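Structure at a glance
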Amino acid sequence: AVIGVLGLGYVGLPLAMGSIDAAICSETLEHVEDDMGVLRELRRVVRTGGTLAVSVPARAVEFALWQLSWEVTHTPGGHIRIYRGDELLAKLGATGWRPYAVRRRHAFESIYWLLGALGGGGDPPCLPAREWRKLTNSPHVRSSRTLDGVERALSRVLPKSIAIYARAV
């Protein structure tokens, strides 16, 4: 069994201990007060040897967004912390997970959010941000191996997200 945990804002999943093989906690920990509680709860429900994929906003871009946009830190339910990579790895280790891979992803999204923040934020975002999203989400760009390679290379220096993969120990 695989369960995706997206938007987990509470601790206490209605699942038996060790009842699932894998969990996903995507762009959630930066929103919840008790991030360690969430990681412990995920460890409780994932069987020993099972897998967790967790992603959080990358530090550099997140920090820049906090400086550029009042909305980032003042929207109810918004981001309440910025993770350092070593901090998240330590939290995973302390809650029963053994990380085995770290990936940096979504550089095109970094550009979108930075353009939006530079344009004053808001919903909808400014025209340059909207046009960037339209371009980078087009079928041509999404199916291009070349542009996928560009985004992967750019993600080494300007990732929007850090994804960590870990095993339950």
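Scroll up a little and you will see the structure.
Residues numbered from 1 in each chain as written. Predicted model: local features only at pLDDT ≥ 70, side-chain atom pairs only at ≥ 80, totals over all residues. Heavy atoms only, no water.

**Focus on unusual backbone geometry**
This is how it is decided: Segments assigned H or I by DSSP are reported as helices when at least four residues long, segments assigned E as strands when at least two residues long, and all are numbered from the N terminus.
Of note, the phi angle at E27 is positive, near 50°, even though the residue is not glycine. Tracing the backbone through its elements, the reader meets E27 in the loop between strand 2 (20-26) and helix 1 (35-45). Not every positive phi belongs to a glycine, and H106 is a case in point at roughly 70°. Structurally, the position occupied by H106 is in the loop between strand 4 (97-105) and helix 5 (107-118).

**Examining the packing of aromatic side chains**
Using the following cut-off: Centres within 6.5 Å make a pair out of two Phe, Tyr or Trp rings, where for Trp the six-membered ring is used; the pair is then stacked when the planes are under 30 degrees apart, edge-to-face when over 60, and tilted otherwise.
Enumeration over the complete set of coordinates arrives at three aromatic pairs. With centroids separated by 6.5 Å and ring planes inclined at 40°, the aromatic side chains of Y100 and Y165 adopt a geometry described as tilted. Placement of the pair is Y100 in strand 4 and Y165 in strand 5 (residues 161-168), with a sequence separation of 65 residues. Pairing F108 with W132 gives two aromatic rings, centres 5.6 Å apart and planes at 85°, and the pair type is edge-to-face.

**Focus: the pattern of salt bridges**
We apply this condition: A side-chain nitrogen of Lys or Arg and a carboxyl oxygen of Asp or Glu constitute a salt bridge if their distance falls within 4 Å. Exposure classes here rest on a 1.4 Å probe applied to the protein chains alone. A residue is buried below 20% of its type maximum, exposed above 50%, and partly exposed in between.
Taken as a whole and assessed by the stated rule, the structure comprises 10 salt bridges. Residue D148 is joined to R152 by a salt bridge in which the shortest nitrogen-to-oxygen separation is 3.0 Å. Residue D148 and its partner R152 are both found in helix 8 (residues 145-155); the two are separated by four residues, about one turn of the helix. Judged by its relative accessible area of 48%, R152 falls in the partly exposed class.

**Quick notes on the environment of V45**
For the record, the criterion: We call two residues in contact when some of their heavy atoms are within 4.5 Å.
Tracing the sequence through the fold places V45 in helix 1. Here the alpha-carbon distance between V45 and L88, two residues 43 residues apart in the chain, equals 20 Å. Look past the residues within four positions of V45 in its chain and what remains in contact with it is L13, L15, A16, M17, G18, S19 and I20.

**Brief notes about helix 2 (residues 59-68)**
Put simply, the test is: Think of it as the arc spanned by the lines of direction from the helix axis to the C-beta atoms.
When we look at burial in helix 2, the residues that qualify are V61, E62 and L65. When helix 2 is viewed along its axis, its buried side chains cluster within an angular range of 100° and face the same direction. Residues of helix 2 that are exposed and angled more than 90 degrees away from the buried face: A60 and Q67. Contacts from the buried residues of helix 2 go to strand 3 (46-57), helix 3 (70-74) and helix 5.

**Topic: the packing of helix 2 against helix 5**
Note the threshold: Axis angles are defined between N-to-C directions and span 0 to 180 degrees, where every axis is a line fitted to C-alpha atoms and, for a helix, only to the segment in contact. Under this scheme an angle from 65 to 115 degrees is roughly perpendicular, one under 35 degrees roughly parallel, and one over 145 degrees roughly antiparallel; angles in between are oblique. Left-handed describes a crossing whose near helix is turned anticlockwise from the far helix through less than a right angle; right-handed describes the clockwise counterpart. All residues other than Ala, Val, Leu, Ile, Met, Phe, Trp, Tyr, Cys, Pro, Asp, Glu, Lys and Arg, Gly among them, are scored as polar; the first ten of these are nonpolar and the last four charged.
Helix 5 packs onto helix 2 with a crossing angle of 15° between their chain directions and a minimal axis gap of 9 Å. As judged from the angle between their axes, helix 2 and helix 5 are roughly parallel. Once helix 2 is placed against helix 5, the crossing between them reads as left-handed. Where helix 2 abuts helix 5, its residues V61, A64, L65 and L68 lie against S110, W113, L114, A117 and L118. Partitioned by chemical class, the residues of the contact of helix 2 with helix 5 number eight nonpolar, one polar and no charged.

**Here's the deal with the packing of helix 1 against helix 4 (residues 85-94)**
Running from amino to carboxyl end, helix 1 crosses helix 4 at an angle of 45°, the nearest separation of the two axes being 9 Å. The pairing of helix 1 with helix 4 is recorded here as oblique in orientation. Here helix 1 runs over helix 4; the crossing is right-handed. Along the contact surface, helix 1 presents D35, M36 and L39, while helix 4 presents K91, L92 and A94.

**A closer look at helix 5**
Note on helix geometry: an α-helix contains 3.6 residues per turn, so any two residues three or four positions apart are oriented the same way. The following threshold applies: Here the expected span of a helix is defined as 1.5 Å times the quantity of residues minus one.
Along its 12 residues, helix 5 runs 16 Å from first to last C-alpha, staying within 8% of the 16 Å computed at 1.5 Å per residue. Of the positions making up helix 5, those classed as buried are A107, F108, S110, Y112, L114, G116 and A117. Next to the buried residues of helix 5 lie helix 2, strand 4, helix 6 (127-136), helix 7 (139-142) and helix 8. Just beyond helix 5, the residue with positive phi is G120, at close to 100°.

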